[in-house]
Amino acid sequence: MNLTTGKTGTISQSVEDTTSLDVATIRKDFPQLSRQVRDKPLTYLDNAATSQKPRAVINKINEYYQQYNANIHRAIYAIGEQATLEYESAREKVARFINAWETSSVIFTRGTTEAINLVAYSWGRHNLGPGDEILITEMEHHSNIIPWQLAARDTGATLRYIPIRSDGTLALNNPDEYFTDKTRLVSFIHQSNVFGTINPVREIYQMAKDVGALVLVDAAQSVPHSPMDIQTLGCDFLAFSGHKMLGPTGVGVLCGRQELLTGMEPFLGGGEMINSVTMEESTWNKPPWKFEAGTPNIAQVIGLGAAVDYLETIGIDSIERHERTLTRYALEALSAIPEVTIYGPGAERGGLVSFNVENVHPHDLAQVLDERGIAIRAGHHCAQPIMQKLDVPATARASFYLYNTTVEIDALCEGVTAAIDFMT
Ligand code: PLP
């Protein structure tokens, strides 16, 4: 079903899925969820921007600073060894969580943005040239557009876009037009942060391989919400952020195939990433450390390890099921409001809903909701090309996670109705 223009559209599936999560208990793990905002309980529906953090993650970061704060990989004393052990054990946890090819395929970065830039610099600047094409899509986050615009500018390569349809899906019906013998790299979003669309990675990977191109998948919105098996997904590089999956800010992951990482030039130069240094030249450490120059975000990496532990304890399959139930519920409830236009494909989408309300600017809507303690996103969601395509300046977006409830979605809909009554 295309909801983009369907102001009065309804979702055919009824909300009958049961969720196996004990949300009331889960919510107690997240200190911020019990606070009041503007004298109202906080209703946090901006999880696509960043998630809340469970006590287990906050405590783990505190533990590092209070008990074994030391630099890693170089200290020959107990607390340094413990810090190194915790840091490298977080790498093992992340590798297991996404079924990485090898533990050493996991490079810690500052986030998805830095992970994509790493590939654009370390691979792109050394492998692209005039006549080569980089292929992305019209539904990318800016962090998967700008690095390639810069790489194209610096190397003479051409940046091309797979178009989107009005329902927020990729127009892949004519692949030969986009996948050519000039295509060197295809980089695309797994789950759209605007539409919720889940792109057919395996299919795109096959199209890329048929023309000999590499594939990077921006998994910022998928790894936190659904099971990830990188070995069956279909990609050469995968990028995601810790702060969207219950972890701290300042840490993310680039996972890459070992043979590619080994052949790539370093991204940043400095300590840790070298094997030997003379005044004339240097040799590089093995991946992943070749790409982790300087003192890394030790506390954040260790905190991400705790986030993975927490997600695994709850169960990522159950989280995905819970979000699907919430999303169907939200689609049904919002589309029952005649003034609401919902963007994106039907119910088969990730856990978010972007929408607009007739004659109410999304910023005004967000403000009315904020008065009720409800946090949603309003803006272009770092995806201005999508806004241009939809011909809107901005949209409102509600995005869900394991701790959200249908009661919160009801509160959202009441707020939307109040904004309509107040502003139109
Ligand atoms: N890619 C997608 C799909 C996103 O939603 C985001 C953030 O919202 C990013 C990339 C950038 O992530 P970060 O800011 O953590 O680097």
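The structure presented is a predicted model; accordingly, all values stated were derived computationally and were not measured.

One simple way to see leftover space: roll a probe sized like a water molecule over the atoms. Taken as a whole, the largest pocket spans an internal volume of roughly 470 Å³. Taken together, 26 residues line the largest pocket, and the ones lying closest to its centre are Ala49, His141, His243, Lys244 and Cys382. Where the lining of the largest pocket is concerned, the elements lending two or more residues are α4 (112–127) and β16 (377–379). For the lining of the largest pocket, a count of residues per class yields six nonpolar, 14 polar and six charged.

A few words on the site of the ligand. Within the structure, the ligand sits among 14 residues, and Thr113, Asp218, Gln221, Ser241 and Lys244 are positioned closest to it. Taking His141, its side chain carries an N or O atom lying 3.4 Å from an oxygen atom of the ligand. The separation between an oxygen atom of the ligand and a polar side-chain atom of Ser241 is 2.7 Å. The protein chains hide 85% of the 400 Å² of surface that the ligand would expose on its own. Judged by the proximity of its atoms to the pocket grid, the ligand belongs to the largest pocket. Here the residues of the shell around the ligand sort into three nonpolar, nine polar and two charged.

Taken in spatial order, the seven strands make up an open sheet running β4-β10-β9-β8-β7-β5-β6, and their pairing is mixed. The outermost strands of the open sheet, each flanked by one partner alone, are β4 (106–109) and β6 (158–162). Neighbouring strand axes in the sheet, compared pairwise and without regard to direction, differ in orientation by 20° on average. Relative to strand β7 (residues 183–189), strand β5 (residues 133–137) runs parallel, the two being bridged by three bridges. Looking across to β7, one finds that Glu133 is bridged to Thr183. Here helix α3 (residues 78–98) sits on the sheet and contacts β4, β9 (237–241) and β10 (252–256); the angle it forms with β4, its principal contact strand, is near 115°. Contacts from helix α5 (residues 146–155) reach β5, β6, β7 and β8 (214–218) within the one sheet, and its direction differs from that of β6 by about 145°.

Now for the pairing of strand β11 (residues 274–277). The pairing of β11 with strand β12 (residues 282–284) spans three bridges and is antiparallel. Counterpart to Ser276 in the pairing with β12 is Thr283. Connecting β11 to the next strand, β12, in antiparallel fashion are four residues.

Right, let's get into the sheet that holds β16. If you walk across this open sheet you meet the four strands as β13-β14-β17-β16, and the pairing is antiparallel. At either end of the open sheet lies a strand with only one pairing partner, and these are β13 (340–343) and β16. Strand-to-strand twist across the sheet, computed as the mean angle between neighbouring axes with direction ignored, equals 30°. In this sheet, strand β17 (residues 395–399) lies alongside β16 in antiparallel orientation, the contact comprising three bridges. Note that in β17 the partner of Ala378 across the bridge is Ala396. Lying on the sheet, helix α10 (residues 316–335) is in contact with β13 and β14 (352–357); it crosses β14 at an angle near 10°. Across the sheet, helix α11 (residues 362–371) is in contact with β14, β16 and β17; its angle to β16 comes to roughly 155°.

Cut-offs applied
Residues numbered from 1 in each chain as written. Predicted model: local features only at pLDDT ≥ 70, side-chain atom pairs only at ≥ 80, totals over all residues. Heavy atoms only, no water. 1 Å grid on protein atoms, 1.4 Å probe; cavity = no way out; pocket = protein on both sides within 12 Å on 5 of 7 lines; lining within 4 Å. Points joined across faces, edges and corners; volume = space filled by probe spheres on them. Helix = DSSP H or I, 4+ residues; strand = E, 2+ residues; numbered from the N terminus. Nonpolar A, V, L, I, M, F, W, Y, C, P; charged D, E, K, R; others polar. Near = heavy atom within 4 Å. Polar contact = N/O pair within 3.5 Å; in protein donor to acceptor, adjacent residues only side chain to side chain. Areas by Shrake-Rupley, 256 points an atom, 1.4 Å probe, with all protein chains shown as cover. Sits in = over half its atoms within 2 Å of the grid points. Pairing = 2+ DSSP bridges. Axes fitted to C-alpha atoms, helices over the stretch in contact; angles between N-to-C directions. Contact = heavy atoms within 4.5 Å.

Geometric values such as these leave the question of function open.
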